[in-house]
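Spelled out from the first residue to the last, the chains are:
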Amino acid sequence: MPETVTPSDHDLLRGMRGGDEAAFTALYRRWQGPLFRYALRVSGSPALAEDVTQEVFMALLRRNEGYDPSRGEVSSYLHGIARNLARRRIERERGHLPLADEAGPDDPLADLVRRERTDLVWEGILGLPLHYREVVVLCDLQGLSYEEAAAALACAVGTVRSRLHRGREQLGVRLRSARTLPAAEAVPRMTR
Amino acid sequence: MSCEDFEDDVVDLARGEELGPAERTEALAHAEACLRCAARLEDERAVTSGLRAFAARTAAAEAPARVEAALRRALRDPEGLDADGSAAVRPSRAGVLLLLAAAAAILAGIVVVPPRVGPLYDRAPAVLPAGSPTSAAVQEAAVGAGVGENSEFVSLSYGEDLRDLDSLQVVSVELPRTALGALGWPAADSAQTGSVKAEVIVGHDGVARAIRFVD
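Just so it is clear, the structure is predicted and the values come from calculations on it, not from any experiment.

Colleague: Would you explain the pairing of strand β4 (residues 195–203) of chain B in this entry?
Modeller: Looking down a regular strand, the side chains alternate between one sheet face and the other. Residues and elements named next belong to chain B. For β4, a buried count of seven out of nine residues is recorded, marking the element as mostly surrounded by other parts of the structure. Taken together, the nine bridges between strand β3 (residues 168–176) and β4 define a ladder with antiparallel strand orientation. Looking at the pairing, Val173 lines up with Ala198 of β4.

And the structure:
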């Protein structure tokens, strides 16, 4: 029985740029979830997350170059595009970000967002300055390593470490002041 | 290991990643011997726990199926892509909201008087053109709008690109000299009284982005 080889992200990216719809579909299905969740977690807005996810892949369709394997993994490259798009929108639409309330009552994603937006952890994350929030989301929620996050943010690993340290410190203060910090306990490993 | 060294490692220790086995053992031994660092570690572990629980609760969130459908249409019809690729796909829901927000912001720039400290002096606020400016261009635009030229604007917002703002206003204000310290300028002599004139760049949200003193 022939062994099935899972194509790498890089192979799929190349195929997609060559017009291979199957490669595009595979790459999209592999990465739409993590990219959507990144934008959602960093903005709190499903509408923004949807637009960012779409725009990341539109950017891939447009660009004939852009990904340089020597500069990091595809995960960093894609998160980097999503980060730039999300950051631009968050800064531009400060105070005007559409939340889940626009969605219909039967939308499970809207239900999830409505429920979680009342969660003090998310509220605390969204209250962080954006440069700390991005690192907390990338490293602690998306599961990127320091090196991957540094490549996505185009900064040094040391910068990632210090921003994560400061961001978590501020988050801890917010959570403790709300007296909601959950007791340390076994929780599932993070997923991107 | 000192407490200072422990502080450098405590986040990695609480996250259970990025720390080698030897460093981990050393850090844990320090926490057992130091109550303050043990408490610090517990705090970080609780933050980790909260974040991981939140990550798990939102792990199922995905883009709606319409996004994939729109992208496949764009892939099949690359001719439909314009320079920024947006023409072939659905209009962005948030983009529409952004346009509405931008319109509202422009109106707000016209009718809402930004917070003032002290009375405005002789000039009305000058509205800068939308989408202007690098920080240097802000200076130029402000000068072009006829406001003072005595000193450069100093940013009041960390890392923000003013070009992303929909509109800006330059507002002339008077501040009590005693307010200088609160703004990070060398504190005025407490014996000094009176006011200083300043020009403040205000975004459409009413938040001050930059300031300069004109006398």
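Colleague: Help me understand the nonpolar core, please; the structure alone is not making it clear to me.
Modeller: For soluble globular proteins, nonpolar side chains are generally found buried alongside one another. Of all hydrophobic cores here, the largest spans 76 residues; its most connected members are Val56, Phe57, Leu60 and Ile125 of chain A. Broken down by element, the residue count for this core peaks at 11 residues, all from helix α2 (residues 21–43) of chain A. Residues within four places of Leu60 of chain A in sequence aside, it is in contact with Leu13, Met16, Arg17, Leu27, Tyr77, Leu78 and Ile81 of chain A. By size, the runner-up hydrophobic cluster in this structure holds nine residues, among which are Val173, Leu175, Ala198 and Phe213 of chain B.

Colleague: How should I be thinking about the packing of α2 of chain A against helix α3 (residues 46–62) of chain A in this particular structure?
Modeller: How two helices pack is summed up by the angle between their axes together with the distance between the axes. Residue and element names in this part refer to chain A. Across the interface, α2 lies against α3 with an axial gap of 8 Å and an inter-helix angle of 140°. One element, α2, and the other, α3, form an angle in the oblique class. Here α2 runs over α3; the crossing is right-handed. Together, Phe24, Leu27, Tyr28, Trp31, Gln32, Leu35, Phe36, Ala39, Leu40 and Ser43 of α2 and Pro46, Leu48, Ala49, Glu50, Val52, Thr53, Val56, Phe57 and Leu60 of α3 make up the contact between the two elements.

Colleague: Explain the packing of aromatic side chains here, please?
Modeller: The description of two aromatic rings rests on the distance between their centres and on the angle between their planes. Residues and elements named next belong to chain A. Evaluation of the coordinates by the stated rule reveals four aromatic pairs over all chains. Consider the rings of Phe24 and Phe57, whose centres lie 6.2 Å apart with planes at 90°: the pair is edge-to-face. Of this pair, Phe24 sits in helix α2 while Phe57 is found in helix α3, placing the two residues 33 residues apart along the sequence. Like Phe57, Phe24 is buried. With a centroid separation of 4.9 Å and an interplanar angle of 65°, the aromatic rings of Tyr28 and Phe57 are classed as edge-to-face. Taken together, the residues Tyr28 in helix α2 and Phe57 in helix α3 connect sequence positions 29 residues apart. Here Tyr28 and Phe57 have matching classes, each one buried. Put simply, the rings of Phe24, Tyr28 and Phe57 touch in pairs and so form one group of aromatic residues.

Colleague: Help me understand the state of the cysteines, please; the structure alone is not making it clear to me.
Modeller: Disulfide: a covalent bond formed between the sulfur atoms of two cysteine residues. Residue and element names in this part refer to chain B. What the rule picks out here adds up to zero disulfides over all chains. Residue Cys3 stays outside any disulfide, its sulfur separated by 3.7 Å from that of Cys37, the closest cysteine. Note on Cys3: relative accessible area 30%, which makes it partly exposed. Note on Cys37: no disulfide assigned, nearest cysteine sulfur contributed by Cys34 at a separation of 3.6 Å. Under the relative-accessibility criterion, Cys37 is labelled buried at 3%.

Reading guide: rules and limits
Residues numbered from 1 in each chain as written. Chains lettered and ligands numbered in written order. Predicted model: local features only at pLDDT ≥ 70, side-chain atom pairs only at ≥ 80, totals over all residues. Heavy atoms only, no water. Buried < 20%, exposed > 50% of the residue type's maximum accessible area, 1.4 Å probe, protein only. Helix = DSSP H or I, 4+ residues; strand = E, 2+ residues; numbered from the N terminus. Pairing = 2+ DSSP bridges. Core = buried A, V, L, I, M, F, W, Y, C linked by side-chain atoms within 4.5 Å. Contact = heavy atoms within 4.5 Å. Axes fitted to C-alpha atoms, helices over the stretch in contact; angles between N-to-C directions. Parallel < 35°, antiparallel > 145°, perpendicular 65-115°, else oblique. Left-handed = near helix turned anticlockwise from the far one by under 90°. Phe/Tyr/Trp six-rings, centres within 6.5 Å; stacked < 30°, edge-to-face > 60°. Disulfide = S-S within 2.5 Å.

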